Amino acid sequence: MSKNSFLKGAVVLGVAGLIVKILGAFFRIPLGRLITSEGMGYYQTAYPIYVLLLSISTSGFPIAISKMVSERRAVGNYKGAHRVFTITLKILLVLGLLTFSIFFFGARIIVNALNNPNAYYSMVALAPALLFVPIMAAYRGYFQGRNNMTPTAVSQIIEQSARVGFGLILAYFLMPKGLDYAAAGGSFGATAGAIFGMAFILFVYYINKPKIEKELLKSEEFEEESYKVIIKSMLTIALPIIIGASVMPIMNMIDVSIVINRLMASGYSQSEANALYGQLTGMAATLINLPQVLTMSIAMSIVPVVSQAYALRDMESVKENANLSVRMAVLLGLPSGVGLMVLATPIMQLLYPNEPASIGQILFFMSLGVVFLSLIQTLTGILQGLGKSQIPVMNLFIAAIFKLVCTYTLTSIPSLNVKGAAIGTVLAYMIAAGLDIYWVRKLLNIKFDINHLLIKPLLTAAIMGVVAKLTHMGLTDKLGNSLSTIIAIVLAMIVYVVVLILIGGITKEEIEKLPKGKKLSKFIPSKK
C-alpha cells in the first residue's frame, strides 16, 4: 500500500470514527433525560452483555479478514482473497446465530440472575443486532483488505445515526407503556443501526460485484487453501485481538453482575438499586468516556509510529514519540478529570435536571478515572507498537480482579452504595495504568521527566479547577446553574491553555510534532 493511500484510508476511518464516537457519547445524554436513571438501569443491564458478545464475534475478524485478503491480492491471488472472505462470512454467520440465541432465548434467565427482570425487553430488543453486525463486519474487513475504507466509514456513520435516531424516537413513543418498554426502545436503536449499516454495505458489494468477478477471472493460479488452513490463520490473527477487546466489556460486566445484587443486599429495593446502577453506568460513566474521543486518536496514531521506528531499531525516535504521546495523554486527561471533579454536581444537574443532586457525587468519585484511562489507551498503543499487545491485556485482567474485589466489598457499604463501584473502577484503571507504565519503562529503558510530565500539568489543572469552581459559585445566583456551568467550563479551558503555555508546560517544539502542529505552534512562544 502506498503512503498516500494509507494516509487517505487512515483519514477516512479517523473522521468516521470521530463522528461515530461523538454520536454515541451524546446519545446517552438525551436518552438518560428521557427515560431517567431507572430506565437507564434497564438499558445498562442489557448493553454491557451485548457489547461483550459483540466483541467476541466481531472485534478481531474484520482486521484478520483485511490482512489476509490484502496479502493474497498483493500476489494476484484474487480467488484466494475472495475465498477467505466467503469462509469467514460463514463463520461469522454461525457466531451471530449463536450469540443471538444466547441473548434472545436466554434473556429471561439472564435478567433474573442479575436481579433486574424489567431489563428483559431491553435484552430482547438488542438481540437481533447480534445477527446483523457480524455480517457487516465480514464485508467491512473485505473492503478494507481491498484498500477501500469508504464503505466501512460510511456504514459506521449510517449505523450510528440510525441507532441514535431510532433509539431516541422509539424511547419517546414507548414512554407511556412504562420505563422498561422505553428502555427497550432505546436498545432497539442498536438493532436498527445494524440493519441500516448492513443494508448499505451489501448494496456497495452488489455495485462492486462485476468488478470483483472480473478480478476472479484474471486471478493467478494458486493451490486452493483448505477450510482448516484458512480458519487456523484467521484465528491466529483474530483471537489476541478478541481477547484484548473483551477486557473492557468484562470489566463492565462485573458491574452488571455485582452492583445491583450488592445494593439489594445492603437494604435497597430492586427499583432503588436499579436507579442507582443507571446513574452510575448510564449517566456518570458516559461523561467519563467522553474525553476518549481525544485520547483515542493519540493511541491510534502512536502504534504505526512506534512500530516503524522499533523495526528500524531507532530507539531514540521510539522513546521520543512514547514520551510525547504520554505527555499528550496527561495534558488532555488531567484537565478533563479535574474539571469533571470540581463541577461534578453542576454538570450532572445541567444534563440530568430531573435526577437527585446526589448523582454528582458519583461523577466526583469517577472523575479521576479519566486520567488513568487516558494513560491506559496511550500506553497500550505504545506496547502494541512494540509488538507486546499481550501485556496491556494481562494488565487489564489483573485490574479487573481488583475491581471485582473492590466493587463487591465497597458497594454493600450503605454510606458508599454505588459510589463503591465507582471507586473500584478508578482503582482498576489506576492499577492497569501503573502496570503499563512499568512495562513501557522496562522495555524502553525510558525515564519520564516528572516535572514536565506531571507537576506542571497538575499545577495548571489545579489553577483551572479553582477558576472553574469560583466562577460557577459567583455566577449561579445571577445566571442559574446551566449558564454558569457552561461559562465556567469555557473559561476553565481558556485558563488551562494560557497557564500551561506561560509556565512552559508545553512548548512550541512539542506542538510542531503533532498533526497540524505547525499551524497551532504559531500561537505559542518559542522555548528560551
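Up top you'll find the structure we're talking about.
These lines cover the structure that appears in this document, whether it is placed above or below. Every chain's residues receive numbers from 1 upward, in the order its sequence appears when written. The predicted origin of the model limits local features to residues at a pLDDT of at least 70 and limits the giving and counting of side-chain atom pairs to 80 or more, whereas totals for whole chains, interfaces and linings rest on all residues. Calculation of side-chain values draws on the structure's entire complement of heavy atoms; hydrogens and water are dropped beforehand.

A word on the overall build of the chain
Each helix and strand counted, the chain has 21 helices and zero strands in total. Looking at the chain as a whole, 51% of its 528 residues qualify as buried. Partitioning the contacts of the chain with sequence separation of at least 6, the portion at a separation of at least 24 is 80%. A total accessible area of about 23,800 Å² is found for the chain, and carbon and sulfur atoms account for 68% of it. Runs of H or I in DSSP of at least four residues are treated as helices and runs of E of at least two as strands, each being numbered from the N terminus. Note on exposure labels: buried denotes an accessible area under 20% of the residue type's maximum, exposed denotes more than 50%, and partly exposed covers the range between, all computed with a 1.4 Å probe on protein chains only. Between two residues, a contact is recorded if the distance between any of their heavy atoms is within 4.5 Å. Computed with a 1.4 Å probe, the accessible areas rest on the Shrake-Rupley method; for each residue, only the protein chains presented here act as cover.

Description of the packing of aromatic side chains
Two rings belonging to Phe, Tyr or Trp (six-membered ring only in the last case) form a pair when the distance between their centres is within 6.5 Å. Interplanar angles under 30 degrees mark stacking, angles over 60 mark edge-to-face geometry, and anything in between is tilted. Throughout the structure, instances matching the rule amount to 19 aromatic pairs. A ring pair is formed by Y142 and F143, whose centres lie 6.0 Å apart and whose planes are at 55°; its orientation type is tilted. Residue class for F143 comes out buried when judged on its relative accessible area of 0%. A connected cluster of aromatic rings, assembled from ring pairs, spans F27, Y43, Y47, Y50 and F103. When the NZ atom of lysine or the CZ atom of arginine is within 6 Å of a ring's centre and also within 35 degrees of its normal, the charge is said to sit over that ring. Above the face of the Y181 ring, K177 is positioned so that its terminal group lies 4.9 Å from the ring centre. Sitting above the plane of the Y408 ring, R262 keeps its charged end 3.8 Å from the centroid.

What to know about a nonpolar patch on the surface
Each patch is assembled from residues with relative accessible area greater than 30% and no salt bridge, linking like charges that lie within 9 Å and nonpolar side chains (Val, Leu, Ile, Met, Phe, Trp, Tyr) that lie within 5 Å. The term salt bridge refers to a side-chain nitrogen of Lys or Arg lying within 4 Å of a carboxyl oxygen of Asp or Glu. Among the surface-exposed residues, I243, M394, F397, I398 and F402 lie close enough to one another that they form a single nonpolar patch of about 430 Å² accessible area. Per-element tally for the nonpolar patch: the top contributor is helix 16 (residues 390-410), with four residues. In this fold, F397 is placed in helix 16. Judged by its relative accessible area of 30%, F397 is partly exposed.

Let's talk about unusual backbone geometry
Backbone geometry at N115 places phi at a positive 60°, although glycine is not the residue there. Judged by its relative accessible area of 30%, N115 falls in the partly exposed class. Even without a glycine there, the phi angle at N445 is positive, about 50°. Tracing the backbone shows N445 in the loop between helix 17 (418-444) and helix 18 (450-479). In this structure N445 comes out as exposed when scored by relative accessible area, which is 60%.

A closer look at the packing of helix 2 (residues 61-74) against helix 3 (residues 78-105)
The angle between two axes is taken between their N-to-C directions and runs from 0 to 180 degrees, where each axis is a line fitted to C-alpha atoms and a helix contributes only its stretch in contact. Contact geometry of helix 2 with helix 3 gives a least axis separation of 7 Å together with a crossing angle of 165°. The angle between the axes of helix 2 and helix 3 places the two elements in the roughly antiparallel class. Of the two possible hands of crossing, helix 2 and helix 3 adopt the one that is right-handed. Contact with helix 2, carried on its side by F61, I65, M68, V69, R72 and R73, involves Y78, G80, A81, V84, T88, I91, L92 and L95 of helix 3 and no other residues of that element. Here the word oblique covers every angle except those under 35 degrees (roughly parallel), over 145 (roughly antiparallel) and from 65 to 115 (roughly perpendicular). Crossing handedness: left-handed means the near helix sits turned counterclockwise from the far one by under a right angle, and right-handed means the same turn made clockwise.

A closer look at helix 14 (residues 359-366)
Every buried residue belonging to helix 14 is among I359, G360, I362, L363 and M366, and all of these are buried. Down the axis of helix 14, the smallest arc covering the buried residues is 155°, so these residues share one side. Residues of helix 14 that are buried in the fold lie against helix 10 (270-289), helix 12 (315-342), helix 13 (344-351), helix 15 (369-385) and helix 17. The arc in question is the one traced by the directions running from the helix axis out to the C-beta atoms.

Points about the nonpolar core
Here the nonpolar core consists of buried residues drawn from Ala, Val, Leu, Ile, Met, Phe, Trp, Tyr and Cys, with membership extended through side-chain atoms lying within 4.5 Å. Of all hydrophobic cores here, the largest spans 130 residues; its most connected members are Y50, F103 and L363. Sort the elements by how many residues they give to this core and helix 1 (residues 3-58) lands first, with 13 residues. Setting aside chain neighbours within four positions, we find L363 in contact with A284, L287, I288, L340, A344, I347 and M348.

Observations concerning the pattern of salt bridges
This structure, assessed with the given rule, holds three salt bridges. Residue R73 pairs with E215 through a salt bridge whose shortest N-O separation is 2.9 Å. Placement of the pair is R73 in helix 2 and E215 in helix 8 (residues 179-217), with a sequence separation of 142 residues. Linking E215 and R146 is a salt bridge whose minimum nitrogen-to-oxygen distance equals 2.8 Å. Of the two residues, E215 sits in helix 8 while R146 sits in the loop between helix 6 (129-145) and helix 7 (150-174), which places them 69 residues apart along the sequence.

Quick word on the side chain of T485
Take T485: it is sitting in helix 19 (residues 481-502). N or O atoms within 3.5 Å of each other form a polar contact, as long as, within protein, one can give a hydrogen and the other can take it, and as long as residues adjacent in sequence are counted only when both atoms are side-chain atoms. Among the polar contacts listed, one links the side chain of T485 to the backbone oxygen of N481, at a separation of 2.6 Å. Leaving out residues up to four positions away in the same chain, T485 has contacts with P346, I347, L350 and H472.

Quick notes on the packing of helix 15 against helix 17
Orientation of helix 15 relative to helix 17, taken along the N-to-C sense of each, is 35°, at an axis distance of 8 Å. As for the relative orientation of helix 15 and helix 17, their crossing is left-handed in sense. Where helix 15 abuts helix 17, its residues G369, F372, L373, L375, I376, L379, T380, I382 and L383 lie against V426, Y429, M430, A432, A433, D436, I437, W439, V440, L443 and L444.

What to know about the environment of G504
Its place among the elements puts G504 in the loop between helix 19 and helix 20 (508-512). For G504 and H452, which are 52 residues apart along the polypeptide, the C-alpha to C-alpha distance reads 8.4 Å. If we skip the residues at most four places from it in the chain, G504 touches H452 and K456.

Considerations on the environment of L386
Tracing the chain through its elements places L386 in the loop between helix 15 and helix 16. Sequence spacing of L386 and L444 is 58 residues, and the spatial spacing of their C-alpha atoms is 9.3 Å. Not counting residues up to four positions away in its chain, the partners in contact with L386 are V306, Y310, V318, L443 and L444.

Observations regarding the side chain of T281
Among the structural elements, T281 can be located in helix 10. For T281, the side chain forms a polar contact with the main-chain oxygen of Y277, separated by 2.9 Å. Not counting chain neighbours up to four residues away, the residues in contact with T281 comprise R28, Q44 and T286.

A word on the environment of A468
Looking at where A468 falls in the secondary structure, it is placed in helix 18. Among the residues examined, A468 registers a relative accessible area of 1% and is labelled buried. Expressed as a C-alpha distance, the spacing of A468 and I487, which sit 19 residues apart in the sequence, is 8.6 Å. In contact with A468, not counting residues within four places along its chain, are V342, L343, A488 and A492.

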